[in-house]
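# An overview of the molecular structure
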Amino acid sequence: IDQVVQVYETDAIIQTKDNHSVRENEFYHITDNFWKVFNLNFLKGLPFTGKQKHEIVISEKIAQKYFNSIDAVNKELIVNGEIKIVVGVYETLTSATFNQYDGLMPVSKEIDSYETGVFDCTTFILLHTKTLIEPFKTQLAKFDADTYQPLIEQFFDDSGFKVWHDFLPIAK
């Protein structure tokens, strides 16, 4: 296994400049190695390092919605009552295959303690070579055949993680 990336769905309430609250469905907490597996086309700024929990990267759609411009780097966005600093703006994903990822924040200790507002966790596993897929499927099936087997069959095919390749480019 080359990388294991976790993406936590979160309930994001954005506070606007005029003190309205807007719910955004496509905000996520991600582990630091997300950038080693997935490439996003950054239009402004860069991915966060994960060292500061107050950093956030947002899609151009969200930048336009809340800042009327993609020039949102170093601007504040209030998410769930916390001030986040925008460090990057990336091209909005257009595929309907999977999540749109409109806002990405580093995983913090709050995630580990399962505080309210955090929902499902998706785990992406990047294998070194597609020849490892079958042994990996076998090992995962042994772990819990009843729970994981249907998921394994859904996401694996002859070319590897085809479903995931369709929505985000894999880092080289």
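Look up a bit, the structure's there.
Just so it is clear, the structure is predicted and the values come from calculations on it, not from any experiment.

About the criteria used
- Residues numbered from 1 in each chain as written.
- Predicted model: local features only at pLDDT ≥ 70, side-chain atom pairs only at ≥ 80, totals over all residues.
- Heavy atoms only, no water.
- Helix = DSSP H or I, 4+ residues; strand = E, 2+ residues; numbered from the N terminus.
- Buried < 20%, exposed > 50% of the residue type's maximum accessible area, 1.4 Å probe, protein only.
- Contact = heavy atoms within 4.5 Å.
- Areas by Shrake-Rupley, 256 points an atom, 1.4 Å probe, with all protein chains shown as cover.
- Phe/Tyr/Trp six-rings, centres within 6.5 Å; stacked < 30°, edge-to-face > 60°.

A count of helical and extended segments in the protein chain gives six helices and eight strands. By residue count, 41% of the 172 residues in the protein chain fall in the buried class. Taking the contacts inside the protein chain whose residues are at least 6 apart along the sequence as the reference set, 68% of them involve residues at least 24 apart. Of the roughly 9900 Å² that the protein chain leaves accessible, carbon and sulfur atoms contribute 50%.

Topologically, K53 is positioned in the loop between β3 (42-45) and β4 (55-59). The class for K53 is partly exposed, based on a relative accessible area of 38%. Separated by 53 residues in sequence, K53 and P106 place their C-alpha atoms 5.8 Å apart.

A few words now on the packing of aromatic side chains. Under the counting rule described, the total for this entry stands at seven aromatic pairs. With 5.5 Å between their ring centres and 80° between their planes, W35 and F48 make a pair best called edge-to-face. Placement of the pair is W35 in helix α1 (residues 34-37) and F48 in the loop between β3 and β4, with a sequence separation of 13 residues. As far as burial versus exposure is concerned, W35 and F48 are alike and both buried. Judged by centre distance (5.8 Å) and plane angle (70°), the rings of F42 and Y90 are edge-to-face. Taken as a pair, F42 in strand β3 and Y90 in strand β6 (residues 82-90) lie far apart in primary sequence, 48 residues in all. These aromatic residues form a ring-pair network of at least three members: Y28, F34, W35, F38, F42, F48, Y90 and Y101.

Just distances and angles here, no functional claims.
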